[in-house]
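# Secondary and tertiary structure notes
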Amino acid sequence: MSNRPFRPSRREFLRSTLAAGATLGAVAALPGAVPLAAASPARRRWPGYDGAMVIDALGGPGAPGFRESGGLSASTLQALRRSGVTATNVTMGVVGGMPDPYPTTLADLAWWDEEVGRHPDSLLKVLTSSDLNEAKAGNRHGIIYGFQDAVMLEGDASRVAEFQERGVRIIQLTYNRANRLGYGAMEDDRGLTDFGHEVVSELNRTGVLVDLSHCGHRTTLAGIAASASPVAVTHSGCHALAALPRNKPDEVLRALADAGGVVGIYFMPFLREQGQPMAEDVIAHIEHAWNVCGEDHVGIGTDGSTVAIEFNEDYRRRHREDVARRRAAGISAPGETEDVYIFIPDLNDERRLERLADRLSARGHSDARIEKLLGTNFQRLFGEVWS
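Residues numbered from 1 in each chain as written. Predicted model: local features only at pLDDT ≥ 70, side-chain atom pairs only at ≥ 80, totals over all residues. Heavy atoms only, no water.

Moving on to the side chain of His-119. Looking at the secondary structure, you find His-119 in the loop between α3 (101–118) and β3 (123–125). With a relative accessible area of 18%, His-119 lands in the buried category. In this view, His-119 contacts Leu-72 and Leu-77; residues no more than four positions away in its chain are not counted. (Helix = DSSP H or I, 4+ residues; strand = E, 2+ residues; numbered from the N terminus. Buried < 20%, exposed > 50% of the residue type's maximum accessible area, 1.4 Å probe, protein only. Contact = heavy atoms within 4.5 Å.)

Listed below in C-alpha cells is the structure:
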C-alpha cells in the first residue's frame, strides 16, 4: 500500500473516485449524487458489526447545515439508526477566537438538551459508560457532549465542574491556536501553562476526559504527563505517514498508549500531505497506529458526519465558505483546501464503519482487534475516566 502524496487535478480526482467506486462496487456518481456502497460485490461482510459497540470519538450526527434547517430530520434519525454507530462525541460550544465563548456555549448545551429531549426514542444523552450499553440495547444514538477548545472557561477552572454538571464529558484543552491552557498545533509550542495544569487537575477530579487532539506536540506530551487519568486524542492521524501539524508523532502516540489512553483515527484531509484521502489512507494510519500503540489504544474519531454526504454544489459551496472562514479566523491548518473534502469518497455511506471493518477483516485482522477499534477501546477509556 503506497502512502506517497499525489496532486490530482479536479478531473483526475473525479476519475480516481469513480475508478475506486467501480473497483470497490461504489456508486460514486460525482458530482451531484451520493457515493453509495463502498465495498466489493464479492466482499465478505464482517459478521460482527451489528452486535459491536461502535463509537465515533468525534463527529456529527447530521449533514452540514442541519441546525440551520431546524435540527435533526426524521430521515437523519433513521440514517443514524441504520448506521450502526452507538454513540458520537459531538462538539458543543465554540473554538478559537469566536466571540462570547461562555454564553454561546451555555446556549449550545441548552439547544442540544432540547434536541435530545425532542427525540427520546432516537437519541440518548450519554453521561456514564453504562449509557453506552443502554443506547446499544435500545437502538438509540448516544450523544456525548464534548468541547474542542477550553476558551469558554475564560480563566476560571471552577467552570469545569459547572460544565460537567451540564453533561459535558470530554474537554479538549486547545484548538489549533494557543489559549490560556497551552498551545495548539499551529503554534510555537511551549507546553501547558500553569492554568492548563490547574484545569487538567480539575478535569481529573470531576471525571471529565482530557482530549489533546488539536494540541501542539509539547502540549500533548505535557497533558499526558500532567493527567492522573488516561487521556484521549479523539481525532488525529499519524505524523509518520503525513507530516502535517494535526497528526501526532510516534513519540506522542507511544506516550499516550503507555498512559492507558486511546487515539481516534480521523477521516480528514490530513491523512495525506496532498490530494484527496481515500479508504486506503484511513487503513494505513490505523495499521501504523496499531504498530506504535498496540491494538488496545486505537479507535475511530471520524471528525465527520454520520450520514452520507451529498456531494453537490451546495456542499461544495459550504466547503469553500468554511475553508475561507477558518483561514480568516486564523484557525485553519495546512491540508485544508477548497478541493480536498472532509469525507472519504469510497467510504461515503452511513454504514462507513462497517465498510471499514469489512476491509480490515479482508486484510487478515482479527475480530477482536476490529471490535476494539470500532468502540470497545473508547468504551473502556470512558468507563475508567467517567467513573
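Here the focus is the confidence of the model for the chain. Of all residues in the chain, 89% attain a pLDDT of 70 or more, and the chain-wide mean is 88. The low-confidence segment residues 1–42, where pLDDT is below 50, has 77 contacts with residues more than four positions distant or belonging to other chains. (pLDDT = per-residue confidence, 0-100.)

In total, this model carries 14 aromatic pairs according to the counting rule given. On the numbers, 5.8 Å between centres and 45 degrees between planes, the contact of Tyr-266 with Phe-270 is tilted. On the accessibility criterion, Tyr-266 (0% relative accessible area) is buried. Here the aromatic cluster, defined as three or more aromatic residues joined through ring pairs, consists of Phe-311, Tyr-315, Tyr-341 and Phe-343. (Phe/Tyr/Trp six-rings, centres within 6.5 Å; stacked < 30°, edge-to-face > 60°.)

This part covers the pairing of strand β1 (residues 55–60). Remark: a regular strand shows side chains that alternate across the two faces of the sheet. Along β1, 6 of the 6 residues are buried, which leaves the element largely enclosed by surrounding structure. In this structure, β1 lies alongside strand β2 (residues 87–92), joined through 3 bridges in parallel fashion. If you follow Asp-56 over to β2, its bridge partner there is Thr-88. Of the crossover connections in this fold, the one passing from β1 over helix α2 (residues 74–83) to the parallel β2 is right-handed. Of the pairings in the sheet, the one linking β1 to strand β10 (residues 304–305) comprises 2 bridges and is parallel in character. In the strand pairing of β10, Gly-60 is matched with Ser-305. (Pairing = 2+ DSSP bridges. Right-handed = clockwise from strand over helix to strand, strands pointing away.)

Mapping Ala-57 onto the fold places it in strand β1. Using a relative accessible area of 0% as the deciding quantity, one classes Ala-57 as buried. Distance in space between the C-alpha atoms of Ala-57 and Ala-232 is 9.3 Å, their sequence separation being 175 residues. In contact with Ala-57, not counting residues within four places along its chain, are Asn-89, Thr-234, Ile-300, Gly-301 and Phe-378.

Turning to the nonpolar core, a few remarks are in order. Burial of nonpolar side chains together is a common tendency in soluble globular proteins. In terms of nonpolar packing, the biggest core is built from 77 residues, with Trp-112, Leu-173, Leu-353, Leu-356 and Leu-374 touching the most fellow members. Top element by residues in this core is helix α9 (residues 279–293). It accounts for 8 residues. Look past the residues within four positions of Leu-173 in its chain and what remains in contact with it is Asp-149, Ala-150, Asn-179, Leu-181, Leu-192, Val-200, Leu-203, Val-210, Asp-211, Leu-212 and Cys-215. In terms of nonpolar packing, the next biggest core, distinct from the first, is built from 16 residues, Ala-57, Leu-132, Ala-232 and Trp-386 among them. (Core = buried A, V, L, I, M, F, W, Y, C linked by side-chain atoms within 4.5 Å.)

Attention shifts here to the environment of Glu-384. Here Glu-384 lies in helix α12 (residues 367–386). Glu-384 gets classed as partly exposed once you look at its relative accessible area, which sits at 41%. Once the C-alpha coordinates of Glu-384 and Pro-230 are considered, the two residues, 154 residues apart in sequence, prove to be 7.9 Å apart.

The subject of this paragraph is the pairing of strand β7 (residues 232–236). Of all the 5 residues making up β7, 5 are buried; the element is thus mostly covered by neighbouring parts of the structure. Pairing geometry for β7 and strand β8 (residues 262–265), over 3 bridges, is parallel. Note on β8: the bridge partner recorded for Ala-232 is Val-262. This β-α-β element, β7 to helix α8 (residues 250–258) to β8, shows right-handed connectivity.

For the rest of this paragraph, the subject is unusual backbone geometry. The phi dihedral of Asp-100 falls on the positive side, at around 50 degrees, and the residue is not glycine. Take Asp-100: it is sitting in the loop between β2 and α3. Located in the positive-phi region is Glu-154, a residue other than glycine, with phi close to 50 degrees. For Glu-154, the position within the fold is in the loop between β4 (141–147) and α5 (159–165). Judged by relative accessible area, which is 34%, Glu-154 ranks as partly exposed.

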